[in-house]
Amino acid sequence: MSNPLRDMEHPDLIFCIGTNMTECHPVAATRLKKAIAKGAKMIVADPREIHLAKLADLHLPIRVGSDVALLLAMAHVIAREGLIDREFIDARTADSEEFLSHVKDFTPEWASEICEVPAADIEKAGLWFGEGSPSAIFYTLGITEHICGVDNVQSLCNLALMTGNLGIEGGGINPMRGQNNIQGAGDCGAVPNNFPGFQPCGDPASAEKFSKAYGIDIEANPGITKVTALDLCGKENGIHAILIDGENTVVTDPDMNHCRNALQSLDHLVVIDLFLTETAQLADIVFPATGFAETDGVQTNTERRVQRLRAAVPAVGESKPDWWIIAQIAQRMGTPGFEFESAKEVFNELCSLSPIYEGLDWDRIENSEYQWPVPDKDHSGTPRLHEKEFKNGRGLFKIIGYRDPAEIIDDEYPVWLTTGRRLQSYHSRTQTGRSSGIDYLLSEETLEVNPDDAKAWNLEDGEFVKMASRRGEIQIKVRVTEQSPKGTVFASFSFASVPVNVLTGGGYDPVTQTAELKVCPVRISKL
Amino acid sequence: MTDQEIIEHWQDQDAPLLPVLHAIHDRDDYLSDDAIRVVSKGLRIPLAELFATVTFYHHFSRSKPGKSAPRVCTGNVCCLNGGKEILESLKSEDATPMPCSGRCDDMVPVLRGDQVFVGATAETLEHRPSPLPAPNPGNIDECIFRHIRAPKRHTLPGYQATGGYGGLKSAVASTPAALIDLITESKLAGRGGAGFPTGVKWKAVADAPGDPKSIVCNADEGEPGCFKDRAIMEHDPHALIEGMVLAAYATGSQRGFIYLRYEYPEIQGILQTAIDEANTANILGDNILGKDGFNFHLRIIRGAGAYICGEEGSLLNSMEGKHPFPRNRPPFPVTHGFEDLPTVVNNVETLASASQISRKGAEWYRRLGLDDHAGTKVISLSGDIQRPGNYEVPFGLPLQTLLNDWAGGPLEGRTIQAVTMAGLSGGFLAGDDLQVTLDEPCIRSNGSFLGAGGIIVLDDRRDMVSAAHEAMSFFAHESCGKCFPCRIGTQRLTERLNDGANLEFAAWQDEINDIGSVMKATSACGLGMAAPLVTESLLRYFPDAIEQHLSHPK
Amino acid sequence: MNQIADNTRICTMTLDGDDVKFCEGETIYEVAERHSKEVPTLCYDPRLEAFGACRLCVVEVEGIRNPVASCTTKATEGMIVRTKNDTLDKHRTTLLEMVASENRNNTVDELAGYASQELGNLLKRYPVLPGRFAGKKSGNSNTDDLNPFILRDYDNCISCYRCVRVCAEQEGDHAINVMNRGFDTQITTEFGNDLRDSSCTFCGQCVATCPTGALTDKKAIRAKDTPGEVKKTRSVCIYCGVGCSIDILTKGDRVVGIQPAMDGPANEGALCVKGQYAFDFVHHPDRLTKPLIRQKDGTFREAEWDEALQKAAEGFLKVREKHGNHATYGIASGRAPHEAAYSMQKFIRAGYGTNYIDNCSRA
């Protein structure tokens with residue numbers, strides 16, 4: 001997030017798109033509710049009538065995958081009505097003229113055809129966003145899990161840039177990170193394109209820095225993504241060994257059958273986890289890790305706050321911290337630099353190599369008060385990014401055009417399936433599913449179907465149906481609810497018994513290779 | 001009308017919740033779960049909050065037969081007059097009791113739908129207008145009741161026949177400041193009981209920033225033994241309207257509301273007719289009496305049965321559709337009233353007095369009082385007395401004069417044992433203290449207060465502990481439940497007056513005193529502060545009766 | 001939070017005889033609290049709008065006849081305030097005796113909830129006579145509500161409205177409110193339904209703010225009779241990316257409950273159903289306790305660490321030998337701490353000289 005969580009109580013206009021925040025980030029959502037109670041207006045763009053939509057002043061139930069069209073038309077309205085922040089544009093951005101002339105073509109009427117919402121509502125959304133002072137954007141995977149995920153994000157950046165809503169209290173562009181330490185995984189360099197602290201792998205100086213630190217020549221170009229790696233599993237000149245730490249790849253990733261086959265074709269698969277997950281079951285060796293309440297460590301939240309995790313009880317059985325297990329394997333392979341004695345030593349090494357953590361160490365984060373970047377020991381942290389300048393100079397407008405999803409509905413697969421999460425479950429339920437009481441609230445997966453569709457398709461509430469995509473089919477119980485719009489159904493992938501990700505995976509964003517989990521044409525038929 | 005039509009009709013108007021709930025309650029005879037859900041969605045009030053608010057009010061029914069089932073007054077005076085017996089006889093019609101419904105100068109009132117019937121027994125119930133004040137027995141110049149007995153007084157021509165709206169006409173010919181000065185000089189003060197100077201209140205609202213401002217008439221006359229506002233509104237509605245328009249002119253207010261208690265259904269019709277007449281005559285509406293920019297629109301909001309809504313903070317919350325708790329003060333309504341904007345909240349009697357004062361002058365009004373006291377007060381006199389009714393007395397009149405000379409004294413062969421003050425809120429006066437004069441300084445020096453001016457007479461037949469128990473039960477029933485001293489204190493005092501809680505006199509007294517002193521010192525509003533005056537005065541005048549009660553509990 | 005805006009006026013008042021400074025807009029209670037005055041309260045929660053129900057916080061203000069509720073009264077320049085004297089103590093004692101008289105039970109286990117000891121502690125602090133003001137009890141426990149998280153033991157409810165207010169003001173769910181009024185006030189959902197059938201999300205904030213244990217953490221209270229002291233360890237929730245601060249409650253070697261950290265910067269006392277109640281997977285019998293090695297027949301066998309680590313290392317070495325550095329890939333976790341992610345990327349970069357490392361953010 002560009003802005004701290006506390007800023008969420010201060011927007012004048014809230015724009016939530018592709019975020020089911022009350023279910024996926026419930027505590028953050030409480031801050032938006034407070035802002036609304038204080039008089040803020042909220043626009044929610046989401047195909048479904050999620051709880052956030054019920055709280056909204058304007059709900060735009062756009063067709064899945066039509067975000068770019070909506071955002072272009074909003075930009076069109078803002079530009080046409082003179083609601084741009086000229087001073088901000090001149091002082092801090094580049095390529096604005098090209099962008100402003102680009103959006104002239106994309107009227108609300110045009111977008112209305114694609115998004116399947118009234119042009120007047122799109123017009124209103126543009127006006128409200130442009131008039132908001134400040135206007136803040138919140139998004140989650142509903143924006144990124146598309147073949148045009150990058151386009152979606154850049155379209156949002158364009159909106160924030162043209163209205164000067166960056167670097168100010170209550171504004172900003174705020175992706176809500178999904179997992180407790182997904183931000184931290186990136187911070188630590190567990191990505192193929194960045195070393196720790198977002199130092200680019202393609203930058204020779206950075207590669208040089210880490211080569212020196214690690215005592216080995218490291219390539220000065222990015223590695224392949226997980227998606228590519230899985231595609232290459234078992235192939236000639238492909239991937240033959242994988243070390244997986246704490247991920248139930250088979251259940252959470254798209255195209256489950258492909259994923260399972262990939263892992264099964266490896267020569268060597270080592271999995272570190274708390275439980276014998278569906279993924280661990282495919283491994284050659286499984287190591288028991290310590291988890292929550294047993295592990296000392298650090299994690300970074302969605303507002304870049306670096307916080308301490310503390311062990312409260314002894315490790316269960318012989319389980320060990322992940323870092324210890326990884327270090328032990330590395331040592332046995334003869335890799336130098338893994339003589340860590342404690343989590344503190346690991347974290348402090350990270351700080352010494354990461355410019356955003358340079359001012360931090362294990363002891364300084366005792367009280368959770370730092371939000372990175374913290375470039376030196378005298379720095380008090382950076383709750384709000386982009387306040388005076390952008391890291392890379394000027395904010396660049398991007399010229400984006402609308403593209404259809406990778407797969408669109410047709411006679412064979414006439415229904416849009418979109419997937420997501422539910423409040424009571426976390427991902428594949430390895431933890432929530434093993435905590436008592438959660439079943440009382442959510443005991444099974446269901447397919448949410450609009451009442452009109454249920455009638456048209458002759459489906460009863462509670463009936464099991466067959467749902468098929470181009471990749472596979474599953475059986476799932478129907479729940480009739482107004483929450484789903486006509487023509488679109490929804491399910492989560494939490495329950496292993498209803499492996500929704502057998503169906504998904506029709507396409508990937510060409511830049512990030514994030515899968516289009518939010519759009520998947522399906523066919524629903526009676527059993 | 002369908003739910004949706006009802007909601008659409010009201011949702012963009014001020015104070016929509018109570019009108020919407022009443023419309024559905026009138027249509028369906030009760031408020032169903034479904035209706036509450038629809039209103040919650042339509043008015044965007046969280047469901048649990050709306051449910052809480054609906055269950056707060058005594059008169060909203062949640063099942064059938066609801067509104068149509070008889071509600072029988074079992075107030076303190078009606079209990080003396082057979083209210084409980086009537087309730088019993090109407091049990092077959094699903095009759096339920098209701099607290100004092102403001103007709104203590106008449107037979108027992110029974111509410112059937114939107115009509116009030118009165119009678120001494122269930123068989124003799126009849127629908128008729130409420131009693132007019134008797135001609136002033138002291139032959140003293142009156143303010144409020146000056147013309148109330150004139151024929152057709154409730155119509156616009158009837159009102160205008162004696163100079164009605166003349167005061168308003170001269171006021172708008174001059175400045176708002178001049179009107180405020182006039183009211184200030186008259187020394188008119190809040191006749192609902194609080195006694196705050198009316199001119200000062202109007203000036204505070206006139207000076208307060210924020211628009212639109214409101215004039216709210218507190219017509220939620222809920223104090224047991226008080227029925228004066230009923231008489232004014234039923235027989236002289238234009239006097240109230242003129243007072244409100246004057247207040248609006250003085251303060252620059254555009255919105256007016258009469259918050260009328262549920263138990264006065266016929267008066268809603270009478271007031272509405274008068275408002276319609278005033279609108280037609282350009283006494284209400286836009287550019288009133290030709291004065292450019294002087295706009296004032298008046299509406300009636302019907303309450304739903306909650307004594308606490310006579311407390312101004314609760315009243316404002318109730319109008320706003322919030323839970324009707326008293327508000328924390330400061331801030332006060334003069335700056336943060338209806339919708340947190342400057343608001344005058346005045347009692348019916350206060351506003352009606354202002355109409356006369358605007359016509360006859362400040363000096364005239366001041367001089368109506370005896371000795372150093374300014375003006376008059378309507379006393380609602382009821383209970384064991386020859387001629388119960390509303391009497392407009394000059395401040396400073398001896399209580400004995402009112403009781404004996406004006407109202408004919410005790411019933412044949414009886415003596416007056418005690419009287420209540422301020423309805424029930426002032427507790428009892430008895431013994432030598434019955435020699436008070438009717439003004440706040442004198443009555444307060446006797447540990448009580450005059451308040452809204454309700455006096456219930458209890459003669460020598462009455463069991464004083466029972467009377468105190470009934471009074472405290474009322475307060476417990478009406479406690480809103482927000483502040484601890486009142487919520488728990490009224491309950492514990494009621495129990496102690498009922499069965500004595502197995503206590504010896506000394507311990508009983510000790511508990512009563514401790515509860516009383518904490519209620520008086522720390523309660524959040526007047527209800528909790530006043531309720532212990534009942535037990536305090538009972539202990540002061542009737543310790544023997546208490547000892548008797550404790551040794552022979554019920 | 002407690003940031004002082006540049007334009008805030010600094011004023012002075014007299015507090016128990018001392019001149020003290022305060023910022024315009026502060027309540028008497030806030031000023032007194034800052035000066036460690038120990039003004040008692042039951043309906044106060046610093047995160048909520050002041051409510052003024054319990055009246056325990058009343059203080060004397062010179063020039064005002066009755067004591068005023070310090071939580072709802074703003075401090076003003078020159079105000080002379082007394083937070084403690086015999087009269088105030090007497091009122092507070094009487095109020096506490098009255099409150100104690102409406103409950104079935106004023107001693108509850110600390111596992112009931114974060115604030116559950118507040119009433120009990122005040123009853124100890126003041127010279128309260130047990131059994132005074134005996135009478136009808138308020139509140140009806142709703143033990144039919146079979147939800148596994150929140151015990152609704154309203155026999156111990158004192159109608160302070162903290163649960164109602166926290167649900168509305170903090171959580172924004174408005175799931176609970178009251179029914180009726182006065183002594184008959186009952187905390188309830190709409191129409192008296194079970195919590196599951198209301199808009200309750202089981203965030204547990206009502207439990208955390210309840211000062212009497214009328215709302216009790218059903219999961220934590222299971223460990224009431226487990227021997228040992230309750231220990232609290234500050235940590236962070238491991239579900240979504242918001243990073244709510246929590247206290248892990250333990251007895252011996254067991255995690256017995258979670259409480260929100262009121263001073264947690266991300267959550268300020270809030271949690272959700274997962275963070276609050278989904279913790280006992282830690283001790284689930286499915287937890288792996290030893291390394292597993294796959295056997296020829298495809299099944300796993302438990303192994304000692306040394307053997308498993310050696311085999312893991314050998315497997316990686318073998319693949320490197322056969323296929324080179326670009327044949328091994330690392331997938332780090334978005335759930336594990338930094339030390340895991342950092343070690344994973346170092347395992348690949350320092351071990352192979354490649355950037356063949358990713359995490360689960362693409363799914």
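A. Just the overall build of chain A, in detail. Summing up its helical and strand segments, chain A has 19 helices and 20 strands in all. Taken against the 2.2 N^0.38 rule, which gives 24 Å for 527 residues, the C-alpha radius of gyration of chain A at 24 Å falls within 12% of a compact globule. With the C-alpha coordinates of chain A rotated into their principal frame, the extents come out at 65 × 60 × 45 Å. For chain A, with 527 residues in total, the buried portion stands at 64%. Put simply, of all contacts in chain A between residues at least 6 apart along the chain, 69% involve residues at least 24 apart. In the structure as shown, chain A presents an accessible area of about 18,000 Å², 48% of it carried by carbon and sulfur atoms. Each charge class in chain A was averaged separately, 49 positive and 76 negative side chains, and the resulting centres sit 3 Å apart.

B. Expanded view of the pairing of strand E9 (residues 241-245) of chain A. Across the five residues that make up E9(A), a large majority, five, are buried. On E9(A), burial covers both faces: Ala241(A), Leu243(A) and Asp245(A) on one face and Ile242(A) and Ile244(A) on the other are all buried. Pairing between E9(A) and strand E10 (residues 268-273) of chain A: five bridges, direction parallel. Across the sheet, residue Ala241(A) finds its bridge partner in E10(A), namely His268(A). Where E9(A) lies against strand E15 (residues 328-332) of chain C, four bridges are found, and the strand directions are parallel. Of the residues in E15(C), the one forming a bridge with Ala241(A) is Thr328(C).

C. Representation of the pairing of strand E1 (residues 10-15) of chain C within the structure. All names here are of chain C. Here E1 pairs with strand E2 (residues 18-23) via six bridges, running antiparallel. What sits directly across from Leu 15, in E2, is Asp 18. Pairing of E1 with strand E5 (residues 80-82) involves two bridges; the strand directions are parallel. Paired with Thr 14 across the two strands is Ile 80, which belongs to E5.

D. The arrangement of the interface of chain C and chain A in detail. Counting from both sides, the interface comprises 117 residues of chain C and, opposite them, 143 residues of chain A. Summed over the shared surface of chain C and chain A, the number is seven salt bridges. With its nearest N and O atoms 2.2 Å apart, the salt bridge here joins Arg332(A) to Asp306(C). Where chain C packs against chain A, one counts 70 residue pairs in polar contact (both at pLDDT 80 or more). For the side of chain C that touches chain A, the element with the most residues is helix H8 (residues 305-323) of chain C, which contributes 15 residues. Of the residues that constitute the side of chain C that touches chain A, the class distribution is 56 nonpolar, 32 polar and 29 charged.

E. Representation of the sheet that holds strand E10 (residues 231-236) of chain C within the structure. Residue and element names in this part refer to chain C. Within the open sheet, the three strands sit side by side as E10-E11-E12. Their pairing is antiparallel. At either margin of the open sheet sits one strand with a lone partner, and together these are E10 and strand E12 (254-260). For this sheet, the mean inter-axis angle between neighbouring strands, taken without regard to orientation, is 30 degrees. By the bridge criterion, six bridges tie strand E11 (residues 245-251) to E12 in an arrangement that is antiparallel. Bridging across to E12, Ile 248 finds its partner in Ile 258.

F. Main features of the environment of Ala266(C). Looking at the secondary structure, you find Ala266(C) in the loop between E12 and helix H7 (273-277). Expressed as a C-alpha distance, the spacing of Ala266(C) and Arg287(C), which sit 21 residues apart in the sequence, is 30 Å. Not counting chain neighbours up to four residues away, the residues in contact with Ala266(C) comprise Leu5(A), Val27(A), Arg31(A), Asn301(A), Glu303(A), Val242(C), Gly243(C) and Cys244(C).

G. Representation of the interface of chain C and chain B within the structure. Counting from both sides, the interface comprises 45 residues of chain C and, opposite them, 47 residues of chain B. Carbon and sulfur atoms make up 59% of the surface buried where chain C meets chain B, a total of about 3,700 Å² over both sides. Between Glu102(C) and Arg487(B) there is a salt bridge, with its nearest N and O atoms 2.8 Å apart. Between chain C and chain B we count 23 residue pairs in polar contact (both at pLDDT 80 or more) in total. Mapped by element, the contributors of at least two residues to the side of chain C that touches chain B are helix H2 (86-101), strand E7 (176-179) and strand E8 (186-189) of chain C. Tallying contributions element by element places H2(C) first for the side of chain C that touches chain B, with seven residues. Grouping the amino acids of the side of chain C that touches chain B by side-chain chemistry returns 21 nonpolar, 17 polar and seven charged.

H. Region of the structure containing helix H9 (residues 176-186) of chain B. All names here are of chain B. Looking at H9, one finds that the buried residues are Leu 179, Ile 180, Ile 183 and Ser 186. The buried residues of H9 occupy one face: seen down the axis, they fall within an arc of 125 degrees. For H9, the elements touching its buried residues are helix H8 (166-173), helix H10 (198-207), helix H12 (237-251), helix H16 (348-360) and helix H17 (362-366). At the C-terminal side of H9, Lys 187 shows a positive phi close to 65 degrees.

I. How the structure looks around the domain arrangement of chain C. Split into domains, chain C comes out as domain 1 (10-84), domain 2 (97-283) and domain 3 (292-362). For domain 2 of chain C versus domain 3 of chain C, the distance between C-alpha centres works out to 45 Å.

J. Structural context of the packing of H9(B) against H10(B). Residues and elements named next belong to chain B. At their nearest, the axes of H9 and H10 sit 7 Å apart, and the two run at 155 degrees to each other. Here H9 lies roughly antiparallel to H10, going by the angle between them. Two secondary-structure elements touch here, H9 through Leu 179, Ile 180, Ile 183 and Thr 184 and H10 through Thr 198, Gly 199, Val 200, Trp 202, Lys 203 and Ala 206. Grouping the constituent residues of the contact of H9 with H10 by class yields six nonpolar, three polar and one charged.

K. Spotlight on the packing of aromatic side chains. According to the stated counting rule, one finds 35 aromatic pairs over all chains in the structure shown. With centroids separated by 6.2 Å and ring planes inclined at 65 degrees, the aromatic side chains of Tyr541(B) and Phe542(B) adopt a geometry described as edge-to-face. Here the two residues Tyr541(B) and Phe542(B) agree in accessibility, since each one is buried. These aromatic residues form a ring-pair network of at least three members: Phe195(A), Phe210(A) and Tyr214(A). The ring of Phe275(A) carries the charged tip of Arg434(A) above its face, separated from the ring centre by 4.0 Å. Geometry around Phe51(C) places Lys482(B) over its ring, the cationic atom sitting 4.6 Å from the centre.

L. The arrangement of the pattern of salt bridges in detail. Tallying each qualifying case throughout the model produces 96 salt bridges over all chains. The shortest N-O distance in the salt bridge between Arg287(C) and Glu294(A) comes to 2.9 Å. A residue pair is termed interchain when its members come from two chains, as with Arg287(C) in the loop between H7 and strand E13 (292-294) and Glu294(A) in the loop between strand E11 (285-288) and strand E12 (297-300). When salt bridges with common partners are traced through the structure, they connect Arg48(A), Arg422(A), Glu445(A), Glu448(A) and Arg479(A) into a single cluster.

M. Representation of the environment of Asp460(B) in the model. All names here are of chain B. Take Asp 460: it is sitting in the loop between strand E14 (454-459) and helix H20 (464-478). Take Asp 460: its relative accessible area is 37%, and that puts it in the partly exposed class. Separated by 140 residues in sequence, Asp 460 and Glu 320 place their C-alpha atoms 46 Å apart. If we skip the residues at most four places from it in the chain, Asp 460 touches Arg 414, Thr 415 and Gln 417.

Conventions and cut-offs
- Residues numbered from 1 in each chain as written.
- Chains lettered and ligands numbered in written order.
- Predicted model: local features only at pLDDT ≥ 70, side-chain atom pairs only at ≥ 80, totals over all residues.
- Heavy atoms only, no water.
- Helix = DSSP H or I, 4+ residues; strand = E, 2+ residues; numbered from the N terminus.
- Rg over C-alpha atoms; globule rule 2.2 N^0.38 Å.
- Buried < 20%, exposed > 50% of the residue type's maximum accessible area, 1.4 Å probe, protein only.
- Contact = heavy atoms within 4.5 Å.
- Areas by Shrake-Rupley, 256 points an atom, 1.4 Å probe, with all protein chains shown as cover.
- Lys, Arg positive; Asp, Glu negative; His and termini not counted.
- Charge placed at Lys NZ, Arg CZ, Asp CG, Glu CD.
- Pairing = 2+ DSSP bridges.
- Salt bridge = Lys/Arg side-chain N within 4 Å of Asp/Glu carboxyl O.
- Polar contact = N/O pair within 3.5 Å; in protein donor to acceptor, adjacent residues only side chain to side chain.
- Nonpolar A, V, L, I, M, F, W, Y, C, P; charged D, E, K, R; others polar.
- Axes fitted to C-alpha atoms, helices over the stretch in contact; angles between N-to-C directions.
- Buried area = accessible area lost by both parts, 1.4 Å probe.
- Arc of directions from axis to C-beta.
- Domains from an automatic or database assignment.
- Parallel < 35°, antiparallel > 145°, perpendicular 65-115°, else oblique.
- Phe/Tyr/Trp six-rings, centres within 6.5 Å; stacked < 30°, edge-to-face > 60°.
- Lys NZ or Arg CZ within 6 Å of the ring centre and 35° of its normal.

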